[in-house]
Amino acid sequence: MIRKKVCMLGAFAVGKTSLVARFVDRMYSDRYETTVGVRIRKKSLEVAGRELSMVLWDIHGEDDFQSIKSSYLRGAGGVLLVADGTRAGTLDTALGLRQFAQDLIGEIPFLLLLNKTDLVAQWELDKGSLAKLEEAGWRVRRTSAKEGEGVEEAFVELAALMVEP
Amino acid sequence: MSMEPDSEPGSPELAARELDRLKELLIGPEKAEISELRQVVEGQEIEPRAVGAVLPDAILLRQGEDDRLADALAPTIEAAIQTSVQRDPSTLANAIFPLMGPAIRKSISQSLAAMVEGLNRTVEYSFTPRGLSWRLEALRTGRSFGEIVLLKSLVFRVEEVFLIHREGAILLEHVVAPTVVSRDPEMIASMLGVLHDYIHESFTVGEEQALEHVEFGDLVLEVVRGPKAILVATVRGTAPRSLRERMLETLEEIHAEKSRDLANFEGDTMPFVTTRPLLFDCLEEERRETKPNPMGKLILASACVVAMVLLVIYAFNVVNRRDRWRKAIAALESEPGLVLTTAREEDGGYVFAGLRDPLARDPLDLLQAEAGIDPANVSGEWEPYHALTPEMVLSRIQGLVPAPSTAEVSWADGRLTLSGRARHAWIVALRTVALAVSGELELDESALVDIDLEQAQAAAARLETQALRFPPGEGRLAADDPRLRPLLDAFRDLERAARQAEARVRVDLVAVQTEDGTASVPGLFLPRAEFLRSLLDQVSSGWARLVVSEESRVGDEVALRVRLDPAE
Ligand SMILES: Nc1nc2c(ncn2[C@@H]2O[C@H](COP(=O)(O)OP(=O)(O)O)[C@@H](O)[C@H]2O)c(=O)[nH]1
Ligand SMILES: [Mg+2]
């Protein structure tokens, strides 16, 4: 049995809690609850014939990532950076958080999730900067916690990265 | 060689001077070389590599001699440690963690033990807030104070033990007490991690004051920390101090054994499976007993002794009583003429009741003789009845019809057997009574002689020998004929005995041929028979029937033939 801590990182209301709920409970709610402090969920899955238990730390989203405690990230085996496709600013926050995390705990597997694909008509993300990130080796995935699109795949991909980097 | 004037020959001064002179002569040229060499050596910088080569051996050698080396090195090492701690305390802490714990615990365990003892006493004897609140609770709930203490302080149980890696608060291993239902240990581990960090960061406490003890109602989390992992126990009830010690020991052992796995941990929990036995050892469950006060102990001990003595007495009584009871029942049940219908113990006494044949033994006597039960302790009514058991029948018969000394009544093979000799009247009475008493009874009289019948038979035999010879041609005998008297006596005896024996008697008067063959004169028999009959009639009680047989008309003798028919 392998246990890995996974941190959800992203600006507030990008859909971190929703993504975790979708992945763990296969459920989605339009209700927005501010996550206070940290919420921990767990999901077990099989990766490459081994049992992996993902302990998902859903850190409450804040624009001011300085306030994120180092202990939240410590020991993390992987990170899901989340940005809200309908709010361009959230991508910047995600990039900042990524830097912050790297400074704190070094290189660990991560994915960038562009959430809310169901609202793609309202998207305002700059395609050019995304392409640049992908060129730099970033794994950028599109998800919709609301409709479930790409959610499971994203978590499983991260799981695989953590077990066999 | 000249002598110095102020010196005595053989004095020390003289000897020393002479030795110097001798040295000068012998090694004068080399002496200069030696002092040159010394200058070279002393001015030389010592080569570090050369020292390094000899240093370990040198230290070893020196240590063997005295403590001066240690004394010399101590300040330096102390300074080095201080510097190390200032730079990064965890380096040193990590290194000595497995050793530190036992040493510290040892030194504090004694003072701690004394303190705990004192605390127990306080709780026991004085009005501490806790004791007071327990007393209040006792008053409120109507329970005894002791019961409350028992509930509150005697029991604890470690329900779960978590081994958690400090990096990321990831659960490494987890054990649960048998009946406990564990709820998502991985989550709990992470929560604990969060809680831990939260407290750590919020209150900027040092490593040593970090989260140790969290209470949720009556559930307590005991947390002990190591450099790489923490060990958490969930405890229901009041955990003893020793639990933390046990946990610390366990955590140290795990750090010692798994140092590499802990340091290189990347999520694989497999290597920690082997820590399960250690964790299981932390699943303590205990009834802690508060120290009872010494007087209480004494009272308790004497109460125990008294209780035991009472118990022994009681057990003895019970056994005794049981025994008497068994004996009483057995005696009453086996006694002929008694039918036990009720037997019970009541108010310390006994009640026995049933049916009692008037001829049976008194139950009270029986109980006293057979079971040692005082008649004063016995109550119960005995209804009279007639038992039909052979013994009772026999004794009842014997009571009603006492046997003469010549006869005997016994019970054998299901028959009532009469033997010996007895009067007819007794026999008849016995038969009647026996029948009346038993309803149906087989009588064996084959060995019994009816005395009356016997006498009748004897009389009859006597009578039959008394044939009367009439003088030829005579129809009568003289009234004073001497042969008449015995004949009449025998007849009287016959009648009397036969009457007693209830035997019917028929006496036939017959003519008998005389031995000399003289034929009787025809026609004389009847007058002769009538003559004899009239004589017999005169003495007869009327019991016997006298019959004159017409057909026997030969001979001059008239004889009497007796037929006795014993009663049915
Ligand atoms: N349309 C749409 N709304 C979403 C999606 N994911 C989250 N939301 C909504 O966005 C809001 C914030 O989501 P939440 O998961 O709480 O964001 P968090 O603050 O990052 O944890 C909620 O009202 C969600 O219903 C999505 O994929 N599509
Ligand atoms: Mg949230």
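These figures come from a predicted structure and were not determined experimentally. One numbering rule holds for all chains: residues counted from 1, following each sequence as written. Written order determines the labels here, with chains lettered from A and ligands numbered from 1. Per-residue local features are limited, in this predicted model, to residues with pLDDT of at least 70; the limit for side-chain atom pairs, both in listing and counting, is 80 or more; totals at the level of whole chains, interfaces and linings are taken over all residues. Side-chain descriptors were evaluated using all non-hydrogen atoms of the structure, hydrogens and water having been removed beforehand.

Residue and element names in this part refer to chain B. Under this scheme, a helix contributes an axis fitted over its contacting stretch, all axes are lines through C-alpha atoms, and angles between N-to-C directions fall in the 0 to 180 degree range. Counting from the N terminus, the helices are DSSP H or I runs at least four residues long and the strands are E runs at least two residues long. Two elements in contact, helix 16 (residues 484–501) and helix 17 (residues 525–539), have axes whose closest approach is 10 Å; the angle formed by their N-to-C orientations is 50°. Classed by the angle they form, the pair helix 16 and helix 17 counts as oblique. Where helix 16 crosses over helix 17, the handedness of that crossing is right-handed. Side by side, helix 16 and helix 17 meet where Leu484, Leu487, Leu488, Phe491, Arg492 and Glu495 of the first sit next to Leu532, Leu535, Leu536 and Val539 of the second. Residue classes follow a fixed rule: Ala, Val, Leu, Ile, Met, Phe, Trp, Tyr, Cys and Pro count as nonpolar, while Asp, Glu, Lys and Arg count as charged, and any other residue, Gly among them, counts as polar. Residue composition of the contact of helix 16 with helix 17, grouped by class: 8 nonpolar, no polar and 2 charged. Angle categories: roughly parallel below 35 degrees, roughly antiparallel above 145, roughly perpendicular from 65 to 115, and oblique for all the rest. Throughout, a crossing is termed right-handed when the near helix is turned clockwise from the far one, and left-handed when it is turned anticlockwise from it by less than a right angle. Throughout, a contact is declared for two residues whenever any of their heavy atoms are within 4.5 Å.

Residue and element names in this part refer to chain B. Aromatic pairing here means that ring centres of Phe, Tyr or Trp (its six-membered ring) are within 6.5 Å. Orientation follows from the plane angle: under 30 degrees is stacked, over 60 is edge-to-face, and everything else is tilted. Counted under the stated rule, the structure contains 7 aromatic pairs over all chains. Here Tyr350 and Phe352 contribute two aromatic rings whose centre-to-centre distance is 5.9 Å and whose plane-to-plane angle is 10°, an arrangement assigned as stacked. Neither Tyr350 nor Phe352 differs from the other in exposure class; each is buried. Between Phe470 and Phe531, the aromatic rings sit 6.2 Å apart at their centres with planes inclined by 85°, giving edge-to-face as the arrangement. Placement of Phe470 in the loop between strand 14 (468–469) and helix 16 and of Phe531 in helix 17 is noted, with a sequence separation of 61 residues between them. With relative accessibility at 1%, the residue Phe470 sits in the buried group. Here the aromatic residues Trp325, Tyr350 and Phe352 are joined through ring pairs into a cluster of three or more. The classification of residues rests on relative accessible area computed with a 1.4 Å probe and restricted to protein chains. Under 20% of the type maximum is buried, over 50% is exposed, and intermediate values are partly exposed.

Moving on, we come to the sheet that holds strand 11 (residues 407–412) of chain B. Residues and elements named next belong to chain B. Strand order in the open sheet formed by 3 strands is 11-12-13, with mixed pairing between adjacent strands. Strands at the two margins of the open sheet, each flanked by one partner only, are strand 11 and strand 13 (443–450). Each strand axis lies, on average, 10° off the axis of its neighbour in the sheet, ignoring direction. One ladder, built from 6 bridges, connects strand 11 with strand 12 (residues 415–422); its direction is antiparallel. Its bridge partner lying in strand 12, Ala407 is registered against Gly420. The criterion for strand pairing is that DSSP finds at least two bridges linking the strands in question.

Our focus in this paragraph is the interface of chain B and chain A. The partner chain A presents 18 residues to the 20 residues of chain B that form the contact. Here chain B packs against chain A, burying approximately 1700 Å² in sum over the two surfaces, 50% of which is carbon and sulfur. The rule for a salt bridge is simple: a side-chain nitrogen of Lys or Arg has to be within 4 Å of a carboxyl oxygen of Asp or Glu. Counting across the chain B and chain A interface gives 4 salt bridges. Ionic pairing is found between A:Arg50 and B:Asp268, a salt bridge with its closest N-O pair at 3.3 Å. Buried area is understood as the total, over both parts, of accessible area removed when two parts are fitted together, assessed with a 1.4 Å probe.

What follows covers the pattern of salt bridges. A full pass over the atoms with the stated rule returns 29 salt bridges over all chains. A salt bridge links B:Glu167 to A:Arg74, with the shortest nitrogen-to-oxygen separation between them at 3.9 Å. Taken as a pair, B:Glu167 in the loop between strand 1 (155–165) and strand 2 (170–176) and A:Arg74 in the loop between helix 2 (70–73) and strand 4 (76–84) lie in two separate chains rather than in one. Here B:Glu167 falls in the partly exposed class, since its relative accessible area comes to 36%. The residue B:Asp481 makes a salt bridge to B:Arg483 at a minimum N-O spacing of 3.1 Å.

Residues and elements named next belong to chain B. Each residue carries a pLDDT score, the predictor's own confidence in it, on a scale running from 0 to 100. On average, residues of chain B score 76 in pLDDT, and 69% of them reach the 70 mark or higher. For chain B, the element scoring lowest by mean pLDDT is helix 4 (residues 89–125), at 48; helix 9 (residues 259–263) scores highest, at 92. Contacts from residues 1–7, a stretch scored under 50 in pLDDT, to residues over four places away or in other chains number 2 contacts. Contacts of residues 288–292 to residues separated by more than four positions or lying in other chains number 15 contacts, the stretch itself having pLDDT below 50.

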